[in-house]
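# Secondary and tertiary structure notes
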Amino acid sequence: MKILYVASFGGHWVQLLRLSELITADESVFVSTWGQHNKAASYYLEDFSVRELWAGLRQLPKALRIVKICNPDLIVSTGAAPGLLMLFAGFLLRRKTLWVDSIANSQRLSLSCRAAQRFATRTLTQWPQLETRRVHYLGKLL
Amino acid sequence: MNVLFTAGTQFIFPRMARVIEAVADARPSWTLVYQAGPGAEGDALPHRVGVRVHPLFPVKEFKAIFEAAELVVTHAGMGNIITCLEASKSAIIMPRLVQCSEHRNDHQIATAESVNKIYNVPYFFDHQALIDAIVNYEPTKTMSSDMWENISAERSKFSENLNALVKKL
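Residues numbered from 1 in each chain as written. Chains lettered and ligands numbered in written order. Predicted model: local features only at pLDDT ≥ 70, side-chain atom pairs only at ≥ 80, totals over all residues. Heavy atoms only, no water.

## Digging into the overall build of chain B
For chain B, the count of helices and strands is 6 helices and 5 strands. Along chain B, from the amino end to the carboxyl end, the secondary structure elements read β-α-β-β-α-β-α-β-α-α-α. Over its C-alpha trace chain B gives a radius of gyration of 17 Å, about what one expects of a compact globule, namely 15 Å for 169 residues. Overall, chain B is about 55 × 35 × 30 Å in size when its C-alpha atoms are taken along their principal axes. Each of the 169 residues in chain B was classed as buried or not, and the buried ones make up 49%. Sequence-distant contacts, at least 24 apart, represent 62% of the contacts inside chain B between residues at least 6 apart. For chain B, the accessible area works out to roughly 8100 Å², and carbon and sulfur atoms hold 52% of it. Averaging the coordinates of the 16 positive side-chain charges in chain B and doing the same for the 18 negative ones gives two points 6 Å apart. (Helix = DSSP H or I, 4+ residues; strand = E, 2+ residues; numbered from the N terminus. Rg over C-alpha atoms; globule rule 2.2 N^0.38 Å. Buried < 20%, exposed > 50% of the residue type's maximum accessible area, 1.4 Å probe, protein only. Contact = heavy atoms within 4.5 Å. Areas by Shrake-Rupley, 256 points an atom, 1.4 Å probe, with all protein chains shown as cover. Lys, Arg positive; Asp, Glu negative; His and termini not counted. Charge placed at Lys NZ, Arg CZ, Asp CG, Glu CD.)

Right under this line is the structure:
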């Protein structure tokens, strides 16, 4: 099992690293967003907000390329918008995808999560009270 | 006392700079360090000599500052909160608010309330109440030592469920 992990730098990235320690995989590859202090990933996307649709779609070819090069069995993201873009690229290339919404969203699912549930193979929340028919709760990082 | 303040990297956070100035005035002997976030300038910086300020400390330096801190005052960003909880570091949360143009939405209020409910980390919206809490902070009141046990237990349950799910996909 080869897993491609994706998150923007900051809190999403911290959660992604913790999450990757919990999942058994033969190989893990990391994608993040550019930053002066961020050198831990193998591939990078420019950061953007889920509301900046153009900034995101402009990077879709790059996201598709990363998925093709890495050829993962599963793509996992904790957010934010760049993770959503990679999951969408995975969806287009018929890969399995998993969205784990940030533990910061304790009262409402994030906008990216609500978008992800439309095409991701599985969508998870870290708060049981936010479970829906399509978004499930399997536990949390804290 | 050694206090680390961290503003996060999103928008500028002048309210936190004002809190730092007040703490510096009330406790001139304390060591105060502030990671102000990229783009912080002018009003977003504390104007007191002796406060060590940097937009974003290099990772290694930040780690050393974090370890030396007896108290961390942080915006309600999950990265800092997770790091504090894992290290059983005493922390106080100051959520960024939309009404002060400090974030895109008010999810930091929800985060602060949730973390407070589970791990009893205090949080403040009112900046005078926050200043009082910092200035009167007693280092003896450390976080519960079984915190890491709670976190580990949550994660091993989560891990089991995640691996079962991944196998099924």
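## Observations regarding the interface of chain B and chain A
Contact with chain B, which involves 29 residues of that partner, is made by 33 residues of chain A. Together chain B and chain A conceal approximately 2800 Å² of surface at their shared face, both sides included; 69% is due to carbon and sulfur atoms. Considering only the side of chain B, the residues that lose the most area to chain A are R155(B), F158(B) and L169(B), jointly responsible for 24% of the buried surface there. Where chain B meets chain A, there are 2 salt bridges. Notably, a salt bridge pairs E154(B) with K140(A), separated by 3.3 Å at the nearest N-O pair. (Buried area = accessible area lost by both parts, 1.4 Å probe. Salt bridge = Lys/Arg side-chain N within 4 Å of Asp/Glu carboxyl O.)

## Thoughts on the environment of L162(B)
All names here are of chain B. Relative to the helices and strands, L162 is located in helix α6 (residues 147-168). On the basis of relative accessible area, L162 is assigned to the buried category, the value being 0%. In this structure, the C-alpha to C-alpha distance between L162 and R18, residues 144 residues apart in sequence, is 44 Å.

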